Amino acid sequence: MTKRPEEIALMAESGQLLAQVFSHLDRLNLIGMSTMQVNDLVDDLIVHEFNARPASKGQYGYAYALNASRNHVVCHGVPSAEDILQDGDIVNFDITLEKNGYIADSSKTYLVGQVSQPARRLVQVAYEAMWKGIQAVRPGATLGDVGHAIERHARRNGYSIVREYCGHGIGREMHEDPQVLHWGKPRTGLVLREGMVFTIEPMVNQGRRAIRTEDDGWTVVTRDGQLSAQFEHTVAVTGNGVRVLTLRPGEKALH
């Protein structure tokens, strides 16, 4: 379950390449682009620019380099040439990258054009909730501490946390132990130890937490049709705290 320092160094290399992928997306004008165009750009960048592999391709039979989850889509949105990003949308791109046998996993929700204030607030609180969870990570803390910090922040702001999906251990495999719930009770659950590596990736709903899966078997949406936002980082437990392996250029931890 724990990784050796040399393994974490390789995961950090994957993480920093993935951070650069998001830096490229940051510079795009997404209005009018299809989610398939974004997928193809990311696929080409990972393979040809970074000599790496989009780890989601072929995983569980999935065919694409990313998930694109727009507006009321909670997660696992499948990119499509018909899915055109419009002014006022929010969209989460969830991307994984494997380099030298080790995988990094990260996601970011983008504001497309002029986005309403309620949608902006949801996205901001989702980002803050992820960081609340990250800041709870240290040796001797528990996964319950992490989940509690995330859900408390979301609920205090009037939002709900999806419970059916969670963070996960990661390394040579995309999904390893432990499961990292984004809700929980303090001082309960697995005790964190130096060398553990996992993702923190809360999905925050504007309305109720209830979700459903669409007929394609992949796309998960809010039952009430309200918006959902998500952010994700891959983190490692250090001797005295936490290291964010997918930290993006210019990104600073929120306190």
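Residues numbered from 1 in each chain as written. Predicted model: local features only at pLDDT ≥ 70, side-chain atom pairs only at ≥ 80, totals over all residues. Heavy atoms only, no water.

The chain has the name Methionine aminopeptidase in an unreviewed UniProt entry, where Lampropedia cohaerens is given as its organism. Check the Subunit (unreviewed entry) section of the UniProt entry for the chain; it says "Monomer." Its UniProt record gives the chain the following Function (unreviewed entry) comment, quoted word for word: "Removes the N-terminal methionine from nascent proteins. The N-terminal methionine is often cleaved when the second residue in the primary sequence is small and uncharged (Met-Ala-, Cys, Gly, Pro, Ser, Thr, or Val). Requires deformylation of the N(alpha)-formylated initiator methionine before it can be hydrolyzed." (UniProt positions renumbered as here; feature names shortened; annotations may be inferred.)

Draft legend 1. Spotlight on the sheet that holds strand 10 (residues 203-205). One open sheet holds the 3 strands; their spatial order is 6-10-13, and the pairing between them is antiparallel. Looking at which strands have only one partner, the edges of the open sheet turn out to be strand 6 (160-161) and strand 13 (228-230). For strand 6 and strand 10, the ladder comprises 2 bridges, and the chain directions are antiparallel. Each residue of the ladder has a partner; that of isoleucine 161, found in strand 10, is valine 204. Seen against the sheet, helix 3 (residues 117-135) touches strand 10 and strand 13 and runs at an angle of roughly 35° to strand 13. (Pairing = 2+ DSSP bridges. Helix = DSSP H or I, 4+ residues; strand = E, 2+ residues; numbered from the N terminus. Contact = heavy atoms within 4.5 Å. Axes fitted to C-alpha atoms, helices over the stretch in contact; angles between N-to-C directions.)

Draft legend 2. Focus on the environment of methionine 203. Mapped onto the elements of the fold, methionine 203 is located in strand 10. A sequence separation of 108 residues divides methionine 203 from isoleucine 95, and the C-alpha atoms of the two residues are 15 Å apart. The contact partners of methionine 203, leaving out residues within four places of it in the chain, are Val74, Cys75, Ser160, Ile161, Val162, Tyr165, Ala229 and Gln230.

Draft legend 3. Highlighting the UniProt feature "binding site: a divalent metal cation 2" (unreviewed entry) in the chain. Residues annotated in UniProt with the feature "binding site: a divalent metal cation 2" (unreviewed entry) correspond here to Asp105, His168, Glu201 and Glu232. Of the residues just listed, which span 128 residues, no C-alpha pair is farther apart than 11.0 Å, and they cluster in one region. Here histidine 168 shows up in strand 7 (residues 167-169). On the accessibility criterion, histidine 168 (6% relative accessible area) is buried. Sequence-distant contacts of histidine 168, defined by excluding residues within four places in its chain, comprise Asp105, Met174, His175, Glu176, Pro178, Val180, Phe198, Thr199, Glu201 and Glu232. Within polar-contact distance, the side chain of histidine 168 engages the side chain of aspartate 105 at 3.3 Å. Inspection of the secondary structure puts glutamate 232 in the loop between strand 13 and strand 14 (233-237). Judged by its relative accessible area of 0%, glutamate 232 is buried. Non-local contacts of glutamate 232, meaning those with residues more than four positions away in its chain, are made with Asp94, Asp105, Ser106, Ser107, Met130, His168, Thr199, Ile200, Glu201 and Arg248. (Buried < 20%, exposed > 50% of the residue type's maximum accessible area, 1.4 Å probe, protein only. Polar contact = N/O pair within 3.5 Å; in protein donor to acceptor, adjacent residues only side chain to side chain.)

Draft legend 4. Structural view of the packing of aromatic side chains. Scanning the model with the defined rule gives 5 aromatic pairs in all. Both rings, one in tyrosine 62 and one in tyrosine 64, keep their centres 5.5 Å apart while their planes meet at 80°; by these two values the pair is edge-to-face. What makes tyrosine 64 partly exposed here is its relative accessible area of 25%. Ring pairing ties together the aromatic residues Tyr62, Tyr64 and Trp218, which thus form one cluster. A cation over a ring is seen here: arginine 163 above tryptophan 183, with NZ or CZ 4.0 Å from the ring centre. Its guanidinium or amino end placed over the ring of phenylalanine 22, arginine 248 lies 5.2 Å from that ring's centre, counting from NZ or CZ. (Phe/Tyr/Trp six-rings, centres within 6.5 Å; stacked < 30°, edge-to-face > 60°. Lys NZ or Arg CZ within 6 Å of the ring centre and 35° of its normal.)

Draft legend 5. The pairing of strand 4 (residues 90-99), seen in detail. Where burial is concerned, most of strand 4 is hidden: 10 out of the 10 residues are buried. Pairing of strand 1 (residues 53-54) with strand 4 involves 2 bridges; the strand directions are antiparallel. Across the sheet, proline 54 pairs through a bridge with leucine 97, a residue of strand 4. Bridge count for strand 2 (residues 66-70) against strand 4 is 5 bridges, and the pairing is antiparallel. Across the sheet, asparagine 67 pairs through a bridge with aspartate 94, a residue of strand 4. Inspection of the sheet shows strand 4 paired to strand 5 (residues 102-111) by 10 bridges, in the antiparallel sense. Within strand 5, the position partnered with threonine 96 by the bridge is aspartate 105.

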